[in-house]
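Understanding the architecture of this molecule
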Amino acid sequence: MALERTLSIIKPDATRRNLTGKIVAKFEEAGLRVVASKRIHLSPAQAGAFYAVHKERPFYGELVAQMSAEPVVVQVLEGEGAILKNREVMGATNPANAAEGTIRKEFALSIGENSVHGSDAPETAAQEIKFFFSDLEIVG
Ligand code: DAT
Ligand code: MG
């Protein structure tokens, strides 16, 4: 397996409930290393651009509103097979389907307010990391 980097977002529903540390601990316990991290407040335009792939979906407006409502913590996670590993630690999109021990099983409020975002493939990971971070901000 290759050393990979993936983009993670701790969403507003989780930052609001002071869950940032508990969520980062889940990444670290799984062997993922935080190589970049910042807390930001996305504008609706920025959240909309980040989730542009979903713009035709019925939940797009709600998603953009939730993602821009309060601060998020964006991070680059690094590790062997980091993209898939992060998706495993996150759990299924709908917390009702998420496995025991996953972030979404433990913390998500609903399918929309599901506490974390994670890139789903090497191409999207590269794009999403570039969306938030310059090379200088990533320290492996
Ligand atoms: P994931 O975040 O697991 O990659 P996704 O890319 O399919 O899931 O969707 C992006 C986000 O959009 C998801 O985390 C929450 C929201 N979302 C997806 N499906 C939804 C639905 N049926 N109702 C409300 N929000 C939804
Ligand atoms: Mg997705």
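Overview of the structure. Sequence order sets the numbering: in each chain, residues are counted from 1 along the sequence as written. Working convention: letters from A go to chains and numbers from 1 go to ligands, in the order in which they are written. Given that this is a predicted model, residues contribute local features only at a pLDDT of at least 70 and side-chain atom pairs are listed and counted only at 80 or more, while totals for whole chains, interfaces and linings are drawn from all residues. Excluding hydrogens and water, the side-chain values take into account all heavy atoms of the structure.

1. Re the overall build of the protein
Under the convention used in this document: For helices the rule is a DSSP run of H or I covering at least 4 residues; for strands it is a run of E covering at least 2, with both sets numbered from the N terminus onward. The globule rule is 2.2 Å times the number of residues to the power 0.38, and the radius of gyration it is compared with is taken over C-alpha atoms. Buried residues are those whose accessible area, probed at 1.4 Å on protein chains only, stays under 20% of the maximum for their type, while exposed residues exceed 50% and partly exposed ones sit between those limits. Residues count as neighbours in contact if any of their non-hydrogen atoms are within 4.5 Å of one another. Using a 1.4 Å probe, the Shrake-Rupley method yields the accessible areas, and only the shown protein chains count as cover for residues.
Within the protein one finds seven helices and four strands. Sequence-ordered secondary structure for the protein, helices as α and strands as β, is β-α-α-β-α-α-β-α-α-β-α. In summary, the protein has a C-alpha radius of gyration of 14 Å against a globular reference of 14 Å for 140 residues, a match within 12%. With respect to the principal axes defined by its C-alpha atoms, the protein has extents near 35 × 35 × 25 Å. Within the protein, the fraction of its 140 residues that count as buried is 46%. Residue pairs in contact within the protein that sit at least 24 positions apart in sequence constitute 77% of those at least 6 positions apart. Per element, the accessible surface of the protein, about 7300 Å² overall, is 54% carbon and sulfur.

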